[in-house]
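# Examining the three-dimensional arrangement
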Amino acid sequence: MNWDALGAFAELLGALGVMGTLLYLAAEMRRNTTATQQQNHHNLVNRRSGLFESWSHDKEITELIVKGWTGEDLDPLDAMRFVWIMMNWMGHVQDIFTQFRAGTIEQEVWEAEKQALGATFGQPGFISWWSEASQYFMPEFVEAISSVKPVDLVAFNRESCKWERPGGVYKL
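Structural notes, computed from the coordinates. Quick caveat: nothing in here was measured; it's all calculated off a predicted structure.

### Side note on the nonpolar core
Among the nonpolar cores identified, the biggest contains 29 residues, and M90, W129, W130, F141 and I145 are the most heavily contacted of them. Counting residues per element, this core draws most heavily on helix α3 (residues 76–102), at 8 residues. If near-sequence neighbours (up to four positions away) are discounted, M90 is found in contact with L117, F126, W129, W130, F137, F141 and I145.

### Brief notes about α3
Over its 27 residues, α3 extends 38 Å from the first C-alpha to the last, a length consistent with the 39 Å expected when each residue adds 1.5 Å. What α3 keeps buried is the set R81, F82, I85, M86, W89, M90, H92, V93, Q94, I96, F97 and Q99. The N-cap of α3, judged by a side-chain oxygen 3.0 Å from the amide nitrogen of L77 a few residues on, is D75. G103 sits one or two positions beyond α3 and adopts a positive phi of about 85 degrees.

### Considerations on the packing of aromatic side chains
Taken as a whole and assessed by the stated rule, the structure comprises 11 aromatic pairs. On the basis of an interplanar angle of 5 degrees and a centroid distance of 6.3 Å, the ring pair of F126 and W130 is categorised as stacked. Taken as a pair, F126 and W130 lie in helix α5 (residues 124–133) at a separation of 4 residues, close to a single helical turn. Each member of the pair, F126 as well as W130, carries the same accessibility label: buried. A ring pair is formed by W130 and F141, whose centres lie 6.2 Å apart and whose planes are at 90 degrees; its orientation type is edge-to-face. One end of the pair, W130, is in helix α5; the other, F141, is in helix α6 (residues 139–145), with 11 residues separating them in the sequence. A relative accessible area of 0% means that F141 is categorised as buried. Through a chain of ring-to-ring contacts, the aromatic side chains of F97, F100, W110, F121, F126, W129, W130, F137 and F141 assemble into a single cluster.

### Quick word on the environment of A5
In this structure, A5 sits in helix α1 (residues 3–56). Distance from A5 to N88, taken between C-alpha atoms, is 69 Å for residues 83 residues apart in sequence.

### Regarding helix α4 (residues 107–121)
Over its 15 residues, α4 extends 21 Å from the first C-alpha to the last, a length consistent with the 21 Å expected when each residue adds 1.5 Å. Among the residues making up α4, those that are buried are V109, W110, E113, K114, L117, G118, A119, T120 and F121.

### Description of the packing of α3 against α4
At a minimum axis separation of 9 Å, α3 and α4 run at an interaxial angle of 155 degrees. Considered as vectors, α3 and α4 are oriented roughly antiparallel to each other. Here α3 and α4 pass one another in a crossing that is left-handed. Contacts between α3 and α4 pair W89, M90, H92, V93, I96, F97 and F100 from the former with Q107, W110, E113, L117 and T120 from the latter. The residue makeup of the contact of α3 with α4, split by class, is 8 nonpolar, 3 polar and 1 charged.

### Thoughts on the pattern of salt bridges
In the structure shown here, the tally under the stated rule is 4 salt bridges. Two residues, E60 and R81, come together in a salt bridge whose shortest N-O distance is 3.0 Å. Taken together, the positions of E60 in helix α2 (residues 59–70) and R81 in helix α3 put the pair 21 residues apart, joining distant regions of the chain. The salt bridge partner of K114 is E111, with a shortest N-O separation of 3.7 Å. Of this pair, K114 and E111 both sit in helix α4, 3 residues apart, which is roughly one turn of the helix. Accessibility expressed as a relative area gives 35% for E111, which makes it partly exposed. Put simply, E60, D78 and R81 are held in one network by salt bridges that share partners.

Thresholds applied
- Residues numbered from 1 in each chain as written.
- Predicted model: local features only at pLDDT ≥ 70, side-chain atom pairs only at ≥ 80, totals over all residues.
- Heavy atoms only, no water.
- Core = buried A, V, L, I, M, F, W, Y, C linked by side-chain atoms within 4.5 Å.
- Buried < 20%, exposed > 50% of the residue type's maximum accessible area, 1.4 Å probe, protein only.
- Helix = DSSP H or I, 4+ residues; strand = E, 2+ residues; numbered from the N terminus.
- Contact = heavy atoms within 4.5 Å.
- Expected span 1.5 Å × (residues − 1).
- Polar contact = N/O pair within 3.5 Å; in protein donor to acceptor, adjacent residues only side chain to side chain.
- Phe/Tyr/Trp six-rings, centres within 6.5 Å; stacked < 30°, edge-to-face > 60°.
- Axes fitted to C-alpha atoms, helices over the stretch in contact; angles between N-to-C directions.
- Parallel < 35°, antiparallel > 145°, perpendicular 65-115°, else oblique.
- Left-handed = near helix turned anticlockwise from the far one by under 90°.
- Nonpolar A, V, L, I, M, F, W, Y, C, P; charged D, E, K, R; others polar.
- Salt bridge = Lys/Arg side-chain N within 4 Å of Asp/Glu carboxyl O.

Listed below in structure tokens is the structure:
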């Protein structure tokens, strides 16, 4: 074997080594992307659970949210509290949107969040609030949720002792 053949063989081995390294890195990046998406989804679920838990443990807050959603008159202090609660909630949803747009959560997660958002979009008080407050959110986010269709909230019917979709505005 001459030196030229030996050099060509060494270059071939080097090229195979580089190809193997690139394939390994691509596989690791794919695994890392999946792990990042799963962790982000887990964090979003925990954050949403924390919001709902804090709201559900305080009957006064729950009543305030329902009154605000349904468009009942609120005194100035309760109106401000409702604004802060909705800003917090919609900020959470906007964060999900920005993570979806950045590719750190999957499209199914974003689509499920939009579907859940439909329960608030059917409430007259929320609609009124959003028509004014949407200016405080990213235009891309406002556009992305403009196609959300209102859906009925699921509520417990005390008479039938069943969970139902009563239709219309939620009532306490």
